[in-house]
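Listed here are the chains, written in short residue letters.
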Amino acid sequence: MKTTLLLLGAALLISNNAFAAGTDYIIKQHAKELSNQNNVRQGVAPPTQAPQPANAQSTPAPTPSPGVAKLKNDLAAIKAGSTVTTEQKQQLTRDILEIAQGAKPASATAAKLAEDLSAAFIEKPLSPASLSRFVQELDAVFNPGKYPQAKPDGIYADVQAVFQEGGEARKKSLGISDDVKAIVAEIQKGGAK
């Protein structure tokens with residue numbers, strides 16, 4: 001009888017510790033998201049911009065990929081409450097594909113990001129500063145050779161934070177961040193076959 005109670009007590013302690021560990025992880029993730037959102041609000045530099053040492057020679061910033069300006073202009077043209085045509089979504093997909101200068105992601109993956117972006121911009125467009133930041137971060141993760149200081153995990157979190165700060169729901173913001181991750185994963189595997 002004592003053995004049974006002892007085993008039952010041990011099982012309860014173990015399950016309680018496992019539950020607490022899961023809760024700690026969720027709390028840490030939520031704290032990271034809040035931190036990223038606060039950074040966006042305060043204008044803290046995104047993860048694509050590494051701090052420069054005081055004695056370092058200034059190197060010119062990498063020139064943005066050709067699709068960056070086109071994507072920025074095409075997204076800025078989408079107004080809240082409007083309807084995005086199939087042609088506009090296809091143009092967004094082409095812009096996304098053009099940003100990647102090396103290996104290219106699959107058209108379907110780029111189309112998924114274009115679809116989610118157009119839905120987000122219909123609901124609530126990003127401010128010009130947030131839009132510039134977002135497309136710069138896309139350029140950085142799609143072309144890691146140009147931005148060796150870029151931290152992809154920080155960029156994914158910042159993409160989510162930028163959209164949440166812009167008024168997008170957490171789930172939709174996370175979806176856009178996941179779309180970016182999927183494209184980067186394809187690029188890292190050598191692009192679409």
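Just so we're clear, the structure is a prediction, and the values are computed from it rather than from any experiment.

Some remarks on the environment of Leu117
Turning to its location among the elements, Leu117 is positioned in helix H4 (residues 107–123). The spacing of Leu117 and Leu75 is 42 residues in sequence and 8.0 Å in space, taken between C-alpha atoms. The residues touching Leu117, leaving out its near neighbours within four places in the chain, are Leu75, Ile96, Phe134, Phe163 and Ile176.

With respect to the packing of aromatic side chains
Both the distance between ring centres and the angle between the ring planes are used here to describe each pair of aromatic rings. Following the criterion strictly, the structure yields two aromatic pairs and no others. Aromatic pair Phe121 and Phe163: ring centres 6.3 Å apart, planes at 75 degrees, arrangement edge-to-face. Separated by 42 residues along the polypeptide, Phe121 in helix H4 and Phe163 in helix H6 (residues 152–165) bring together distant segments of the chain. Summarising the aromatic geometry, the rings of Phe134 and Phe163 are spaced 5.1 Å apart at their centres and angled 85 degrees between planes, so their arrangement reads as edge-to-face. In this pair, Phe134 is assigned in helix H5 (residues 128–142) and Phe163 in helix H6, connecting sequence segments 29 residues apart. Phe134 sits in the buried class, given a relative accessible area of 0%.

Reading the values: the criteria
Residues numbered from 1 in each chain as written. Predicted model: local features only at pLDDT ≥ 70, side-chain atom pairs only at ≥ 80, totals over all residues. Heavy atoms only, no water. Helix = DSSP H or I, 4+ residues; strand = E, 2+ residues; numbered from the N terminus. Contact = heavy atoms within 4.5 Å. Phe/Tyr/Trp six-rings, centres within 6.5 Å; stacked < 30°, edge-to-face > 60°. Buried < 20%, exposed > 50% of the residue type's maximum accessible area, 1.4 Å probe, protein only.

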